[in-house]
Amino acid sequence: MDYAKKIKKSKSSIRRDDFDIRPPGDMPVFSKGSDYRSGRRFYQRPVFFIALAALVFIFFSGRYVWREMRWRYIVIHHTASDYGSLEYYRKLHMQERGWPDVAYHFIVNNGSDDTTVGQVQESEIWQSRSHHYSTKNSFVNYFGIAVVLVGNFENHSVPAVQHEALLNLTVRLSREYGIPPERIIGHREIWATACPGHRLNMAEFREDVKTALNRP
Ligand SMILES: [Zn+2]
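In short, a report on the structure.

**Quick look at the nonpolar core**
It is characteristic of soluble globular proteins that their nonpolar side chains tend to be buried jointly.
Here is step 1: One finds Ile74, Tyr104, Ile107, Val108, Ala146 and Val147 to be the most contacted residues of the largest nonpolar core, which totals 30 residues.
Here is step 2: Of all the secondary structure elements, the ones that give two or more residues to this core are strand 1 (73–78), helix 3 (86–97), strand 2 (106–110), strand 4 (144–149), helix 6 (160–177) and helix 7 (202–214).
Here is step 3: Among the elements that make up this core, the one with the highest residue count is strand 4 (5 residues).
Here is step 4: Beyond its immediate stretch of four places on either side in the chain, isoleucine 107 contacts Leu86, Tyr89, Gln121, Ser123, Val148 and Val150.

Written out as structure tokens, the structure is:
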């Protein structure tokens, strides 16, 4: 029987199921997962590369959104102690609290523990854009940037240089991540705590941020 002729004749109505006979040697042998018209497997077809490019795009844009666009709050804390630096609190939180890293994204120093007044340090949990551990509200921990000032602002006011450094940092973060002043909050505004101390007036601080943001 001339198979080629037979196939040609019924080309318009041909279906894969029609091949209930073993094809002779000169015909392509179809295996599972191949395109039966071209004999190419899925990963050899252009649609595979389009799908792969789409997946890569979705992965990287999702990662970008998660890293750079998820920030909704800035939470301000004090350390309640006039001594320390990023490394000091990192050790304290890991050894005494059992957390994987320091609780905060940024620390604004007061000049103690070999730092300078107003020096801002960025922690590794900010570099990896991880959530922080600074509040008991996990929503704020995931979607908020945690900033801490070294000092106890129940006892004394924030030194001018340190206050200015906090303002500059907050304004920069607010601009960069589109966080409006009303979502810059003091720890005590979301939890029963004295942090960051009553001598740091959050309402006034938000006004200061608003004024700075309106400056060109
Ligand atoms: Zn706090």
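**Re the environment of leucine 92**
Here is step 1: Within the secondary structure, leucine 92 is located in helix 3.
Here is step 2: Note on leucine 92: 16 C-beta atoms within 10 Å, which makes it partly exposed.
Here is step 3: Residues leucine 92 and valine 102 lie 10 residues apart in sequence; the distance between their C-alpha atoms is 7.9 Å.

**Focus on the pairing of strand 2**
Here is step 1: The buried fraction of strand 2 amounts to 5 of the 5 residues, a majority that puts the element mostly inside the structure.
Here is step 2: A two-sided burial pattern is seen for strand 2, the buried positions comprising Phe106, Val108 and Asn110 on one face and Ile107 and Asn109 on the other.
Here is step 3: Taken together, the 4 bridges between strand 2 and strand 3 (residues 117–122) define a ladder with antiparallel strand orientation. Its bridge partner being in strand 3, phenylalanine 106 is matched across the sheet by glutamate 122.
Here is step 4: What sits between strand 2 and strand 3 in their antiparallel hairpin is a turn of 6 residues, with glycine 111 showing a positive phi close to 100°.

**What to know about the sheet that holds strand 3**
Here is step 1: Taken in spatial order, the 5 strands of this open sheet run 3-2-4-1-5, and their pairing is mixed. Among the strands making up the open sheet, the edge pair consists of strand 3 and strand 5 (184–186). For this sheet, the mean inter-axis angle between neighbouring strands, taken without regard to orientation, is 20°.
Here is step 2: When strand 2 meets strand 4, the two strands line up parallel, connected through 3 bridges. What sits directly across from isoleucine 107, in strand 4, is valine 148.

About the cut-offs
Residues numbered from 1 in each chain as written. Predicted model: local features only at pLDDT ≥ 70, side-chain atom pairs only at ≥ 80, totals over all residues. Core = buried A, V, L, I, M, F, W, Y, C linked by C-beta atoms within 7 Å. Buried ≥ 20, exposed ≤ 12 C-beta atoms within 10 Å, placed from the backbone. Helix = DSSP H or I, 4+ residues; strand = E, 2+ residues; numbered from the N terminus. Contact = placed C-beta atoms within 7 Å. Pairing = 2+ DSSP bridges. Axes fitted to C-alpha atoms, helices over the stretch in contact; angles between N-to-C directions.

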